[in-house]
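Notes for the structure review
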Amino acid sequence: MFSSRQPLRLTWTAVMDHTRRDRAIAPSAWQTRCVRAGEVHEFLNVGPGPDYPVDHVEYYGFAAFDTSGVLAVGDELVCDGRVLGAISGFDETHMPNHYNILVEGPRLANGHALGLSAGTPVTTRPREDTRPPQDTPPREDTRPREDQGSGGI
């Protein structure tokens, strides 16, 4: 899909010491999301190789985007030279306020446990190829369509 994308710069605005074991979170069908400079989004660690929906979630925290651009599943999140994990998907539960950006961390740990701190810069490392892997079927779009009687006008 993309021949190249620039890394995005973010800053932790709030680091969390929070765990949930009943979250039942699953990503939306979207493989990419656009973000604008100044937007604040939440980052959740779903652990390595999540089997969605995921109940055990560790919260990294909230970060403000310093640059605008495109995020994609597979992009890595890097802080202080350490890879916190790869983006696994986007949850829209709290939109239009913020996205929950789901990250496959190498182990389940929250931001506090990892020693993250507010004000610390974060960058994304775009994966080389932003097309879904060939052995992974596309996620089903579960949003109601107009022809399915969504009840809206």
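1. Examining unusual backbone geometry
The step from Y52 to P53 runs through a cis peptide bond, and the omega angle for that step is 0°. Along the polypeptide, P53 turns up in the loop between β3 (40–45) and β4 (57–65). Following M95, the chain continues into P96 via a peptide bond in cis, with omega recorded as 15°. One non-glycine residue, D80, lies in positive phi territory at about 55°. Counting through the fold element by element, D80 comes out in the loop between β6 (76–79) and β7 (82–91).

2. Section: the confidence of the model for the chain
Chain-level statistics for the chain give a pLDDT mean of 88 and a share of 84% at 70 or above. Confidence drops under a pLDDT of 50 for residues 147–153, and excluding neighbours within four residues, the segment shows three contacts in the predicted structure.

3. Regarding the pairing of β7
Taken across its 10 residues, β7 has seven buried, putting it largely inside the fold. Pairing analysis gives four bridges linking β6 to β7, with the strands arranged antiparallel. Each residue of the ladder has a partner; that of E76, found in β7, is A86. The turn linking β6 back onto β7 is made up of two residues, and D80 within it adopts a positive phi angle of 55°. Bridging between β7 and strand β8 (residues 100–104) involves five bridges; their strand directions are antiparallel. Among the inter-strand pairings, G89 is bridged to a residue of β8, identified as L102.

Criteria and thresholds
Residues numbered from 1 in each chain as written. Predicted model: local features only at pLDDT ≥ 70, side-chain atom pairs only at ≥ 80, totals over all residues. Heavy atoms only, no water. Helix = DSSP H or I, 4+ residues; strand = E, 2+ residues; numbered from the N terminus. pLDDT = per-residue confidence, 0-100. Contact = heavy atoms within 4.5 Å. Buried < 20%, exposed > 50% of the residue type's maximum accessible area, 1.4 Å probe, protein only. Pairing = 2+ DSSP bridges.

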